[in-house]
Amino acid sequence: MSGAREKKRAKKMRNQPASVTMPAEPGSVLAGGPRPCPPPGTAPSGSPHGSSGGTCPLPPVSTFAQARAAEMKAMLKAVTQKSSNSLVFQTLPRHMRRRAMSHNIKRLPRRLQEIARKEAEKAVHQKKEQSKTKCRKARRRHVNLVAEFNRRQRKNIWLETHIWHAKRFHMVKKWGYCLGDSPTEKCYRACYRAMTNHCLLQDLSYYCCLELTGKENELLKQLARICSVDTGLTFGVARCLSGRFQGSLNLYRADRYPKDTLGPVTFIWKPRDGSENRQLWIWMHPALKQDILNELKEIFQCSEPEKVCIPEPVTTSVQEEEQMDVVVSLGKKRKKEDKEGEKTVPVKKIIGDGTRDPLQSYSWISQTTGVVISDRTMEILRYRLIGPLSHCVLTETLKAASLQTMADSESELNKWWVENCKDSEKVSLHQRQTAIFELLEGISSPSEMPPGTILGLTVGDPRVNLPKKKRKAMPDPEKYQDNDKVRQLYLEGVPVECAHSFIWDQDICKNVTENKISEQDLNQMRAQLLVPGSQLDLGPCESKIPILLVQQPGKMAGEDRPGWGSGWDIYLPKGWGMAFWIPFIYRGVRVGGLQEAAKHSEYQRTPHTPNDFPDCPAGMQFAKELEATLLEKFKRRPPAKRANYVKLGTLSPFICPWGQLTKNWERRMNDSEEFLCPSSPHSEHCATEGNGFCDPEPEVVKEASSETGEVEETMEITSSEGAIKREDDPGSQNFGERDEAMTRDFVVLRSKKLLMQVAAWCYPTSGKDRRIRLISRLGQKEMTEDVFLPILMRYPRALVWVNLSLLRKGNPELHAMICIPTEDDLLHLSKDKLFCGPQEPKHRDIFKHKTTKEEEEEEEKKDNVEALESDPPSILDKETTEEHEDLILGLWPDTLPDMTSHCSRSLLGYVTRGDFSLAAGCGEALGFVSLTGLLYMLHGQPADKKGLVLLRTPASLQYRFARLSIEV
């Protein structure tokens, strides 16, 4: 039988039942492979007579009968065996079914009664024990709700506003927390309007706080090792060291700048109070916490934990303590067990730090320097108000605490406040802080205050002055007076002494949290008012809460929309989350989640943590998780319903290979004769041999499509095998090596001086010598080889954060490619102002035959299952399987060629965030470009076209013109 006929027969037999097996008789045809024909003239054993010629005899009758018997047996088994999960009486025709058949077997036909008895016996054995679930009324009791909520917080911590968010937001589990991602209602534009015109509220309590306590000199000495003056502020800058202003900076591993970035942080110094020890708060994103904490422990040599946190039940009233005792007694009666079989712990009301592992240390001390590092995460809550009227919301919601000189001797409520009110200096300080807080009503926007201004304050319980109805907080026109005090506040900011707050004292915070009046007690007091709905006056029983107000400056870089997105951060002790949250809601604020926070930073054109920090461990981890998510989504679609990125010329649609991009540009620079002139003093540092700075572009050939017969342009890739794998080319890499190429050997340029220099070079010339005048005004140098070559020597593999604005239509997407336009593109644009951009010629899929071959091999394997089981796979087959294991139709496998010259336009960088901007009214994008590629592009562009680039989304061939700029 020929190979084609064997294949045809195998396809026919593929659907035969697997239980049919032929008897393995010695010498039989079906025992093992083809049976050799006997020589002519001889009769085989078992044959009645010999066969003439070379024809093979028919198989014996007994073998044929046994094979048919096996088939009949398999058929009978398939008929008698029940293939569905339905019961016997459910298999009867509808006209024969009776309701009583489900519990009375005698109602069934006699031929089915025996089978029904067996089913009934089987069901009795398999019947699970009835779970004793409580009724809804019992489940909704407060004590049982707390127990259930505590159980659900074992893996992901809940914020104090979690229940409020869970009813109104799409919740996601990230960084060990359960956070609100975006509102369930349609409010995308409403949230933008709130940030622009009124106020948007966000809960940032999931941000982590590390407190450093020690001598100022010791702290500054070691902290100077993990930051750099080159990037801007440091921990020792005078305006922040006094405690008047909040600072922000990027941290690096000790003495490793500009490599090994840890991530961005904000910090606040406690104002000096006469003692030699200083306190410092460092706030960071939870994805960065572990790396920064390990680095701080290493530089301060903190190896021994000072103490271990053993969480205790934190209650807010005597009544709740009684409820806890009831729950413990209930727990003894109903010994519930979790999945592991262990008894549940007694129910506690978990607030903040109580969610931490009891055996986890939260404070470390250095034996050599005496510096103490404390983890105050979830001990201090943090809310952010964004918008021009956020100060109106603050002044309406919060009222300064009244002075108190008498307190109940039996109660601990406000004891700390009474003691402080006996000190005349502290009373005077509180009055000055109150006066400054009331002056905030006279400003038009928080952006008018000095950036990072800090104001300490002690306020009363905000639940007392709750309005009857929800309404928007609006400014009072009478307060907008041009007085000297408001003008002085603009110019000088808050005095140093007014930045002090009692929130720095952990004992006071603990007292405030434990002695909070419960909602139930407040409601009972309201019910006893003579005039329903009137304001509740608690007098000396009103809680006093220390808080800290920190101004957020909003958009500071660039010329357009200065101060957009400014607002206030409010820090308060744990346990008071909902007590402040609901009054803010009643002042008409919008509430945003993680998506609104990302949009806020996008419209400010600032990097978002951790998405836009590709050189720190958290950013690398985020990129890997995003790639896995997008790749899984891509695989779920059939090949005909998804983009073929090989044909589109997109090498990496799901991740940005920054390492390979910077390597390729460095290689092109080293091979360049155009960029480095022989007369240049830096020419001896770079190799001048090669094919010039621009590699030869792939040849555009025209070929007829096999399907339509039309002639279409395709990109011809030279030597497909060479493009797939080039071992000697440092630009190509395996997928296993792609992580290293993505995460190592590149840095992000954050030097303020160099960024200002490059930003000045990106300005186009719209008038006569405009850039020369601008550069001289900024104190920068004109772009010459003597100026930019030292930059390239110092940062050969660097990325630059850029923002792009599309000239005309177009909507940039994630991982869109930023490319360099050719001279013809710029010439076409100058002639035709409506020219949107060129198109990339379609590439040829050189991997299609491999994926098709792989599918055919899989079909052959299915056809020859028995043969594969009998014969072990050879080494060659294993290598072939491993080679095609990662082959996905439409994606580049194994290796990537030179990224800069793969397409008709040289690749410059990638977009990390892009969308239609409601603030700018056009498509805007943020991303990174190679510093070497950017300088090469600016060096070759005409004066009036400086900064023009092309954008192309991964699933499109259309390029769009965009304006590139750098804001510092």
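Residues numbered from 1 in each chain as written. Predicted model: local features only at pLDDT ≥ 70, side-chain atom pairs only at ≥ 80, totals over all residues. Heavy atoms only, no water.

- In the nomenclature of an unreviewed UniProt entry, the protein chain is known as POP1 homolog, ribonuclease P/MRP subunit of Anser brachyrhynchus.
- Quoted verbatim from the Subcellular location (unreviewed entry) heading of the UniProt record, the comment on the protein chain is "Nucleus". (UniProt positions renumbered as here; feature names shortened; annotations may be inferred.)

## Things to note about the overall build of the protein chain
- Scanning the protein chain from terminus to terminus reveals 32 helices and 26 strands.
- For the protein chain, with 968 residues in total, the buried portion stands at 47%.
- Accessible surface, the protein chain: about 51,600 Å² in total, of which carbon and sulfur atoms supply 51%. (Helix = DSSP H or I, 4+ residues; strand = E, 2+ residues; numbered from the N terminus. Buried < 20%, exposed > 50% of the residue type's maximum accessible area, 1.4 Å probe, protein only. Areas by Shrake-Rupley, 256 points an atom, 1.4 Å probe, with all protein chains shown as cover.)

## Concerning the pairing of strand S2 (residues 169-174)
- Sheet topology places S2 next to strand S3 (residues 177-183); six bridges connect them, and they run antiparallel. For histidine 170, the partnering residue across the bridge sits in S3 and is serine 182. (Pairing = 2+ DSSP bridges.)

## Considering the pattern of salt bridges
- For the structure on display, the rule yields 34 salt bridges.
- A salt bridge links glutamate 967 to lysine 555; the shortest N-O distance between them is 3.5 Å. Highlighted residues: glutamate 967 in the segment after strand S26 (960-965) and lysine 555 in the loop between strand S14 (544-552) and strand S15 (567-573), separated in sequence by 412 residues.
- Salt bridges sharing common partners tie together Lys555, Asp560, Arg561, Arg605, Glu924 and Glu967. (Salt bridge = Lys/Arg side-chain N within 4 Å of Asp/Glu carboxyl O.)

## A closer look at the sheet that holds S3
- Strand order in the open sheet formed by three strands is S1-S3-S2, with mixed pairing between adjacent strands. If you trace the sheet from one side to the other, it starts and ends with strand S1 (157-158) and S2, each paired once.
- Of the strand pairs in this sheet, S1 and S3 are connected by two bridges, and their pairing is parallel. When the bridges of S3 are listed, isoleucine 157 appears paired with tyrosine 177.
- Strands S2 and S3 of the sheet are contacted by helix H19 (residues 594-604), whose axis makes an angle of about 70° with S3. (Contact = heavy atoms within 4.5 Å. Axes fitted to C-alpha atoms, helices over the stretch in contact; angles between N-to-C directions.)

## Structural notes on the sheet that holds strand S12 (residues 380-386)
- Strand order in this open sheet of six strands is S13-S14-S15-S12-S4-S16, and the pairing throughout is mixed. The sheet is open, and its two edges are formed by strand S13 (454-460) and strand S16 (590-591), each paired on a single side.
- On top of the sheet, helix H12 (residues 390-397) reaches S12, S14 and S15; it is set at about 35° to S15, its chief contact.

## A word on the state of the cysteines
- A complete count under the given rule lists zero disulfides for this structure.
- The cysteine cysteine 208 is free of any disulfide, with cysteine 209 supplying the nearest cysteine sulfur at 8.9 Å.
- Taking relative accessible area as the criterion, cysteine 208 reaches 2% and is therefore assigned buried. (Disulfide = S-S within 2.5 Å.)

## Examining a positive patch on the surface
- There is a patch of like positive charges on the surface, built from Arg136, Arg139, Arg140, Lys167, Arg168 and Lys470.
- Positionally, lysine 470 belongs in the loop between S13 and helix H15 (484-492). (Patch = residues over 30% accessible without salt bridge, like charges linked within 9 Å, V, L, I, M, F, W, Y side chains within 5 Å. Lys, Arg positive; Asp, Glu negative; His and termini not counted. Charge placed at Lys NZ, Arg CZ, Asp CG, Glu CD.)

## Here we look at helix H22 (residues 658-670)
- Given a rise of 1.5 Å per residue, 13 residues ought to cover 18 Å, and the 18 Å separating the end C-alpha atoms of H22 matches this to within 8%.
- Among the residues of H22, Trp658, Gly659, Gln660, Leu661, Thr662, Asn664, Trp665, Glu666, Arg668 and Met669 are the ones counted as buried. (Expected span 1.5 Å × (residues − 1).)

## Overview of the nonpolar core
- Counting 68 residues, the largest nonpolar core has Trp761, Leu804, Leu931 and Ile966 as its most contacted members.
- The element best represented in this core is strand S20 (residues 798-806), accounting for seven residues.
- Beyond its immediate chain neighbours, meaning those up to four positions away, leucine 804 contacts Ile818, Val911, Gly923, Glu924, Ala925, Val949, Ala962, Arg963 and Leu964.
- In this structure, Met284, Val371, Ala499 and Val550 belong to the second largest nonpolar core, which totals 55 residues. (Core = buried A, V, L, I, M, F, W, Y, C linked by side-chain atoms within 4.5 Å.)

## Quick look at the pairing of strand S23 (residues 907-917)
- A large share of S23 lies buried, amounting to eight of its 11 residues.
- Pairing of strand S21 (residues 817-819) with S23, which is carried by three bridges, proceeds in the antiparallel orientation. The partner of cysteine 819 across the bridge, within S23, is leucine 907.
- Two elements, S23 and strand S24 (residues 922-930), share eight bridges in a ladder whose sense is antiparallel. In the strand pairing of S24, glycine 909 is matched with valine 929.

## Re the packing of aromatic side chains
- Under the defined criterion, the tally for this structure stands at 28 aromatic pairs.
- Taking the centre distance of 6.3 Å and the plane angle of 15° together, the rings of tryptophan 175 and tyrosine 206 count as stacked. Here tryptophan 175 is found in the loop between S2 and S3, whereas its partner tyrosine 206 is found in the loop between strand S4 (200-203) and strand S5 (208-215), with 31 residues between them in sequence.
- A residue is classified by how much of its surface remains accessible, and tryptophan 175, at 30% relative accessible area, is partly exposed.
- Ring centres of tryptophan 801 and phenylalanine 928 lie 5.1 Å apart, and the angle between their planes is 65°; on these two criteria the pair is classed as edge-to-face. Here the residue tryptophan 801 occupies a position in strand S20, and phenylalanine 928 occupies one in strand S24, the gap between them amounting to 127 residues. Across this residue pair, the class does not change: tryptophan 801 and phenylalanine 928 are buried. (Phe/Tyr/Trp six-rings, centres within 6.5 Å; stacked < 30°, edge-to-face > 60°.)

## Section: helix H2 (residues 61-80)
- Counted at 1.5 Å a residue, the expected span for H2 with its 20 residues is 28 Å, and the 29 Å between its end C-alpha atoms agrees.
- Every buried residue belonging to H2 is among Thr63, Ala67 and Ala74, and all of these are buried. All buried residues of H2 fall inside an arc of 40° around its axis, so they share one side. Residues of H2 that are exposed and point more than 90 degrees away from the buried face comprise Val61, Met72, Lys73, Met75, Leu76, Val79 and Thr80. (Arc of directions from axis to C-beta.)

## Some details on the side chain of glutamine 551
- For glutamine 551, the position within the fold is in strand S14.
- Owing to a relative accessible area of 0%, glutamine 551 belongs among the buried residues under this scheme.
- Of the polar contacts made by the side chain of glutamine 551, one reaches the backbone oxygen of proline 446; its length is 2.7 Å.
- In this structure, glutamine 551 is in contact with Pro446, Ser447, Met449, Pro450, Pro451, Gly452, Thr453, Gly567 and Trp568, ignoring residues within four places of it in sequence. (Polar contact = N/O pair within 3.5 Å; in protein donor to acceptor, adjacent residues only side chain to side chain.)

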